[in-house]
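So the chains spell out like this:
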Amino acid sequence: LIGKYQACDMKRLANRLSLWASQVFFTASLTPLFLWPGLAQSRLVRQSIAYLFGSVLAKRYYRVIEFYGQSYGGALAGGLDKAAAMSSVTINRIIDCGTGTGYAARQAALRFPQAMVVGVDMVSEMLEQARQNAKDKGIDILHVYADTLRLPFLDGSVDLVIAQNTTPFLTEFARVCRPGGVVVFVDSAARWSAPLARYNASQTGCFDAIAAEQAGLGFYLAARRQ
Ligand SMILES: C[S@@+](CC[C@H](N)C(=O)[O-])C[C@H]1O[C@@H](n2cnc3c(N)ncnc32)[C@H](O)[C@@H]1O
């Protein structure tokens, strides 16, 4: 019996250690993208991301979400609540940038049931999964193939822009966001990136209110378009 308890403790410890290691890893990965926005915009980085998600991770990404369990959506829930509180317009049009399997788009559709939600991704394998997942769950979401560096939407045409665990193109997200609307950028593991995200958002000069909070294992940035 004691052996069984010890095995259980070891498993819990190993799980905590791997979650902590992932927080360190994702904070370290996000830091250069915030420090040098031009890096994320470079063709090499965007093509590497497309390769990683298209050829390596697409069929396995649901396992990453399973690994984090409840924690995967913790920071996102905080960001969506903050957006509802900060927005000075009714949230009727939402886009989810880098939608992947559609996780964040579905949470947003449940949080703002009156809104039209569009998921955007540049990897067709991921978009196909997002489409199927939304269909299976009976949630109405439109899906668009595009690079989030140049979103195929007019200036100021969206009330809420969300982007979770993806590239932080804050200036482009701000371009399509309507004045009074909110941009929410979330990372479900990069907990220590919150101050840098706040700094980056303030540097764009596009927002009149900015909140950046650690939440769950990660953080959210919520910034209101001026
Ligand atoms: C780690 S997954 C996260 C998916 C989802 N947002 C979530 O939270 O579960 C990142 C997604 O962002 C997409 N992505 C990264 N850079 C992108 C870009 N420049 N344009 C469009 N999609 C991009 C990837 O293809 C991938 O599907």
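Here we summarise the structure given alongside this text. All figures in this text were calculated on a predicted structure; none of them were measured in a lab. (Residues numbered from 1 in each chain as written. Predicted model: local features only at pLDDT ≥ 70, side-chain atom pairs only at ≥ 80, totals over all residues. Heavy atoms only, no water.)

## Some points on the packing of aromatic side chains
To describe a pair of aromatic rings, you give the distance between the ring centres and the angle between the ring planes.
Reasoning step 1: If you walk through the whole model with that rule in mind, you get 7 aromatic pairs.
Reasoning step 2: Seen in terms of ring centroids, Tyr 68 and Tyr 72 are 6.2 Å apart; in terms of plane orientation they differ by 50°. Their pairing is tilted.
Reasoning step 3: A residue is classified by how much of its surface remains accessible, and Tyr 72, at 3% relative accessible area, is buried.
Reasoning step 4: By way of ring pairs, the aromatic residues Phe 67, Tyr 68, Tyr 72 and Tyr 103 are connected into one cluster.
Reasoning step 5: Stacked on the ring of Phe 112, the Lys or Arg Arg 111 has its end atom at 5.0 Å from the ring centre. (Phe/Tyr/Trp six-rings, centres within 6.5 Å; stacked < 30°, edge-to-face > 60°. Buried < 20%, exposed > 50% of the residue type's maximum accessible area, 1.4 Å probe, protein only. Lys NZ or Arg CZ within 6 Å of the ring centre and 35° of its normal.)

## Description of helix 5 (residues 74-86)
Counting along an α-helix, one turn takes 3.6 residues, and residues three or four places apart therefore face a common direction.
Reasoning step 1: With 13 residues, helix 5 ought to run about 18 Å at 1.5 Å a step, and its terminal C-alpha atoms sit 19 Å apart, in line with that.
Reasoning step 2: Every buried residue of helix 5 is accounted for by Ala 75, Leu 76, Gly 79, Leu 80, Ala 83 and Met 86. Each buried residue of helix 5 sits inside an arc of 135° when the element is viewed along its axis, so together they form one side.
Reasoning step 3: If you follow the buried residues of helix 5, they end up packed against helix 6 (103-111), strand 4 (158-164), strand 5 (177-187), strand 6 (207-215) and strand 7 (218-225). (Helix = DSSP H or I, 4+ residues; strand = E, 2+ residues; numbered from the N terminus. Expected span 1.5 Å × (residues − 1). Arc of directions from axis to C-beta. Contact = heavy atoms within 4.5 Å.)

## Section: the layout of surface pockets
Reasoning step 1: Its volume calculated, the largest pocket comes out at about 880 Å³.
Reasoning step 2: When residues of the lining of the largest pocket are traced back to their parent elements, those giving at least two are helix 1 (2-35), helix 3 (43-57), helix 4 (61-68) and helix 6.
Reasoning step 3: The dominant element in the lining of the largest pocket, judged by the number of residues it contributes, is helix 3, at 7 residues.
Reasoning step 4: Residue composition of the lining of the largest pocket, by class: 22 nonpolar, 13 polar and 5 charged.
Reasoning step 5: Taken as a whole, the second largest pocket spans an internal volume of roughly 150 Å³. (1 Å grid on protein atoms, 1.4 Å probe; cavity = no way out; pocket = protein on both sides within 12 Å on 5 of 7 lines; lining within 4 Å. Points joined across faces, edges and corners; volume = space filled by probe spheres on them. Nonpolar A, V, L, I, M, F, W, Y, C, P; charged D, E, K, R; others polar.)

## Comments concerning the pattern of salt bridges
Reasoning step 1: Overall, the coordinates contain 9 salt bridges when judged by the stated rule.
Reasoning step 2: Between Arg 131 and Glu 128 there is a salt bridge, with its nearest N and O atoms 3.0 Å apart. Linking Arg 131 with Glu 128, this pair stays in helix 7 (residues 124-136), spanning 3 residues, or about one helical turn.
Reasoning step 3: A network of salt bridges, in which partner residues are shared, links Arg 93, Asp 159 and Arg 178. (Salt bridge = Lys/Arg side-chain N within 4 Å of Asp/Glu carboxyl O.)

## Side note on the sheet that holds strand 3 (residues 141-145)
Reasoning step 1: Sheet architecture is open: 7 strands sit in the order 3-2-1-4-5-7-6, paired in mixed fashion. Looking at the sheet topology across the chains shown, the edges are occupied by strand 3 and strand 6. Sheet twist, expressed as the mean angle between neighbouring strand axes with direction ignored, is 15°.
Reasoning step 2: Sitting on the sheet, helix 6 is in contact with strand 1 (93-97), strand 2 (116-121), strand 3 and strand 4, with an inclination near 140° to strand 4.
Reasoning step 3: Helix-sheet contacts for helix 9 (residues 194-204) involve strand 6 and strand 7, and the interaxial angle to strand 6 is about 170°. (Pairing = 2+ DSSP bridges. Axes fitted to C-alpha atoms, helices over the stretch in contact; angles between N-to-C directions.)

## A short note on the site of the ligand
Reasoning step 1: Surrounding the ligand, one finds 20 residues, the nearest of these being Tyr 72, Gly 98, Asp 121, Asp 147 and Gln 164.
Reasoning step 2: In the environment of the ligand, an oxygen atom lies 2.8 Å from a nitrogen or oxygen atom belonging to the side chain of Gln 164.
Reasoning step 3: Within the side chain of Thr 167, one N or O atom sits 2.9 Å away from a nitrogen atom of the ligand.
Reasoning step 4: Comparing atom positions with the cavity grids shows the ligand to sit within the largest pocket. (Near = heavy atom within 4 Å. Polar contact = N/O pair within 3.5 Å; in protein donor to acceptor, adjacent residues only side chain to side chain. Sits in = over half its atoms within 2 Å of the grid points.)

## Brief notes about the environment of Gln 107
Reasoning step 1: Structurally, Gln 107 is set in helix 6.
Reasoning step 2: With a relative accessible area of 29%, Gln 107 lands in the partly exposed category.
Reasoning step 3: Residues Gln 107 and Gly 73 lie 34 residues apart in sequence; the distance between their C-alpha atoms is 8.3 Å.
Reasoning step 4: If we ignore the near neighbours within four places in the chain, the residues touching Gln 107 are Leu 76 and Leu 80.

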